[in-house]
Amino acid sequence: MTLNDLTLIELSRLTEDQAREALERLRWPNGPVCAHCGESENVTKLKGSAHRVGLYRCNACEEQFTATVGTVMEQSHIPIRTWLMAFAIICSSKKGVSALQLQRQLGLGSYRSAWHMAMRIRHAMSKEPLAGLLKGTIEADETYVGGKPRKGGKASKYGRGTKKVPVVALVERGGRARSFPVKDAKANTLREVLSRNVDPSARLMTDEWRPYITVGREFAGGHER
């Protein structure tokens, strides 16, 4: 069962360990990915009394991380189970939820905690996705989407000369993927999509489309074509 299958009542019955495991499955459907460098094949789960539950170590960059690093839940003392319930309450409400209502439903000790949770969750909902910026090696490309021409009409051109809608796709190797319909595939448009979704430390991989050359210079990890 995935997190999306759980009702609010079922979320409330989760232990903190079960909630953490559910968050890990949601964020890393293909296994843990380093929140610092994007490495996925050389990650070790740290066990034993010397390490807190849910802690991982990246053997590539030697940094430690958990499923909350890089999210609105990072450095929060509120339990993950409570965060998941808050997301469920806010996302399922058609008319919005006040911080006071959230405090009452979750049994939070202070209004300030509920207010901060609500603000962070709304911020996360305005972005895509919850997990934050894509990191590591990022592959970027476009495709063009549209139906076949009507009977008797002229066939549409292929590739970047078409009148179909361009869609930019970003794929984090070993991790997440995102796609966005855009107005065109020019440098300014591609820069906006990449800057809003890719960490500046990332390594960019693209084809030889010239607008990527200018954009690629802005990534510390380099740009390969």
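Residues numbered from 1 in each chain as written. Predicted model: local features only at pLDDT ≥ 70, side-chain atom pairs only at ≥ 80, totals over all residues. Heavy atoms only, no water.

## Digging into the packing of aromatic side chains
Part 1 of the reasoning: One pass over the structure, following the stated rule, counts three aromatic pairs.
Part 2 of the reasoning: Geometrically, the ring pair formed by Trp28 and Phe65 is edge-to-face, given 5.8 Å between the ring centres and 90° between the ring planes. You can see Trp28 sitting in the loop between α2 (16-27) and β1 (43-45) and its partner Phe65 sitting in strand β3 (residues 64-65), a full 37 residues away along the chain.
Part 3 of the reasoning: For Phe65, a relative accessible area of 1% puts it in the buried group.
Part 4 of the reasoning: Measuring from ring centre to ring centre gives 5.8 Å for Tyr56 and Phe65, while their planes differ by 20°; the resulting arrangement is stacked.
Part 5 of the reasoning: An aromatic cluster is defined as three or more aromatic residues linked by ring pairs; in this entry it consists of Trp28, Tyr56 and Phe65. (Phe/Tyr/Trp six-rings, centres within 6.5 Å; stacked < 30°, edge-to-face > 60°. Helix = DSSP H or I, 4+ residues; strand = E, 2+ residues; numbered from the N terminus. Buried < 20%, exposed > 50% of the residue type's maximum accessible area, 1.4 Å probe, protein only.)

## A closer look at the sheet that holds strand β5 (residues 165-172)
Hydrogen bonds between backbone atoms are what pair the strands of a sheet, whose relative direction is either parallel or antiparallel.
Part 1 of the reasoning: Within the open sheet, the five strands sit side by side as β6-β5-β4-β7-β8. Their pairing is mixed. The open sheet terminates on both sides in strands that have one partner only, identified here as β6 (177-181) and β8 (223-224).
Part 2 of the reasoning: Pairing geometry for strand β4 (residues 137-145) and strand β7 (residues 203-205), over three bridges, is parallel. When the sheet's bridge partners are listed, Ile138 is paired in β7 with Leu204.
Part 3 of the reasoning: In the packing of helix α6 (residues 187-197) onto the sheet, contacts are made with β4, β5, β6 and β7, and the angle to β5 comes to roughly 30°. (Pairing = 2+ DSSP bridges. Contact = heavy atoms within 4.5 Å. Axes fitted to C-alpha atoms, helices over the stretch in contact; angles between N-to-C directions.)

## Let's talk about unusual backbone geometry
Part 1 of the reasoning: Despite not being glycine, Glu62 shows a phi value in the positive range, around 65°.
Part 2 of the reasoning: Topologically, Glu62 is positioned in the loop between β2 (56-58) and β3.
Part 3 of the reasoning: Classification of Glu62 by relative accessible area gives exposed; the value is 57%.
Part 4 of the reasoning: One non-glycine residue, Gln75, lies in positive phi territory at about 60°.
Part 5 of the reasoning: Relative to the elements of secondary structure, Gln75 occurs in the loop between β3 and α3 (80-92).

## A short note on the pairing of β4
Part 1 of the reasoning: Where β4 and β5 come together, eight bridges link them in antiparallel fashion. Across the sheet, Ile138 pairs through a bridge with Glu172, a residue of β5.

## What about the nonpolar core?
Part 1 of the reasoning: Phe65, Trp83, Leu102, Leu106 and Met117 are the most contacted members of the largest nonpolar core, which has 35 residues in total.
Part 2 of the reasoning: Those elements that place two or more of their residues in this core are α2, β2, α3, α4 (99-106) and α5 (111-126).
Part 3 of the reasoning: At eight residues, α3 tops the list of elements feeding residues into this core.
Part 4 of the reasoning: Among residues more than four places away in sequence, those in contact with Phe65 are Trp28, Val33, Cys34, Ala35, His36, Val43, Gly54, Leu55, Tyr56, Arg57 and Cys58.
Part 5 of the reasoning: Listed in part, the 16 residues of the second largest apolar core include Ile138, Val168, Phe180 and Val193. (Core = buried A, V, L, I, M, F, W, Y, C linked by side-chain atoms within 4.5 Å.)

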